[in-house]
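Report on the structure
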Amino acid sequence: MELKLSGSFEIVTEDGHVHAPRAPKVSRLLAVLACRPRTTVATDTLIRELWGESPPAGALRTLQTHVYHARRMLAGLQACPPGRELLVTRGPGYRLEVADEDVDVRAFELLVRRSQTELDARLPDAASHHVTRAVALWRGPLLSNLPVGPVLASRTARLEELHLRALELRIEIAVARGQFRHVLPDLRALVEEYPLHEWFHDQLIQALHRVGRRGEALQAYHNLYVLLRTELGLEPSAELKRLHAQILDSATTAALDRPDHRAA
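These remarks concern the structure in this document.

About the thresholds
- Residues numbered from 1 in each chain as written.
- Predicted model: local features only at pLDDT ≥ 70, side-chain atom pairs only at ≥ 80, totals over all residues.
- Heavy atoms only, no water.
- Pairing = 2+ DSSP bridges.
- Helix = DSSP H or I, 4+ residues; strand = E, 2+ residues; numbered from the N terminus.
- Contact = heavy atoms within 4.5 Å.
- Salt bridge = Lys/Arg side-chain N within 4 Å of Asp/Glu carboxyl O.
- Buried < 20%, exposed > 50% of the residue type's maximum accessible area, 1.4 Å probe, protein only.
- Core = buried A, V, L, I, M, F, W, Y, C linked by side-chain atoms within 4.5 Å.

To continue, consider the sheet that holds strand β3 (residues 18–19). Taking strand neighbours across the sheet as the criterion, the 3 strands line up as β1-β2-β3 in an open arrangement whose pairing is antiparallel. Each end of this open sheet is capped by a strand with a single partner; those strands are β1 (2–4) and β3.

Encoded structure:
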């Protein structure tokens, strides 16, 4: 059995059948537990996810009812061998007995961390392999078919940040491998998707400059400058301004070195 939290919440059984639970609270209960497989989640945390900071009287009993329905659903899906429970009671709460690789966001998190470790160890090929696998697991905004509560909102925000880090890592690794031309399409897509993320703009400008496309690099800087001034009333960072000056200097030097200019 696999639990998918990126994109819509889904349970995929061994035969490949995709099941989208219809009960939102049961789905949210399972999603909270799936974020931390084999770790006990306190009943207070689950109650806060399902009812916020002002739970109704009898919330604990209602939570137990949702757990009962979750267990029945998992049993109906034949998600585990007979006699074994996936959703178990462990004081002071519940835990989901599934492997990390059976939860897409957990597998994603471990792959991103491994990729970072390999990049730090100057193993860009291995780092590229693992971050590529991580990004492939990401199907879209987390739990897009569920109205999430405060606990899942916090956890999805952290995972969204990790997804952004994975996208940055993919660029860092390509740059470390000298793949400036190869990375240009990805960078153009990223500055379109994350227009206020200056680092992506910086990497695009640098990559264009490194492959000799100075005019396009200067245009990319101008686009960012206009965007920041229009949207936020800000200017590019000091690092980007220095990069802009370097590109201008190199363009001037190249012009002075042209044979027609020397002959004049």
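There is more to say after this.
Spatially, 3 strands are ordered β4-β6-β5 in an open sheet, and the strand pairing comes out antiparallel. The strands lining the two open edges of the sheet, one partner per strand, are β4 (41–42) and β5 (87–90). Pairing between β4 and strand β6 (residues 93–96): 2 bridges, direction antiparallel. Residue pairing for β6: A42 is matched across the bridge by G93.

In this structure, L137 sits in helix α5 (residues 124–137). Here the alpha-carbon distance between L137 and A107, two residues 30 residues apart in the chain, equals 8.3 Å. Excluding residues within four positions of it along the chain, L137 makes contact with S6, D104, A107, F108 and L111.

Bringing the pattern of salt bridges into the picture now. Under the defined criterion, the tally for this structure stands at 19 salt bridges. The partner of R106 in a salt bridge is E109, with the nearest N and O atoms 3.4 Å apart. Of this pair, R106 and E109 both sit in helix α4 (residues 104–120), 3 residues apart, which is roughly one turn of that helix. The same class applies to R106 and to E109, which are both buried. Of the charged contacts, one joins R165 and E172 as a salt bridge, the two residues approaching to 2.8 Å between their closest N and O atoms. A relative accessible area of 25% means that E172 is categorised as partly exposed. Through salt bridges with shared partners, a single network forms among R38, D100, R106, E109, R113 and R158.

Judged by nonpolar contacts, the single largest core of 51 residues is most densely connected at L3, L5 and L30. Residue assignment for this core shows that the elements contributing at least two residues are α1 (24–35), α2 (43–51), α3 (59–76), β6, α4, α5 and α6 (150–176). Of the residues forming this core, the biggest block, 8 residues, is contributed by α1. Not counting residues within four places of it along the chain, the set of residues in contact with L30 comprises F9, I11, A70, M73, L74, L87 and L96. One finds I171, L184, I205 and I247 within the second-largest nonpolar core, a separate group that totals 24 residues.

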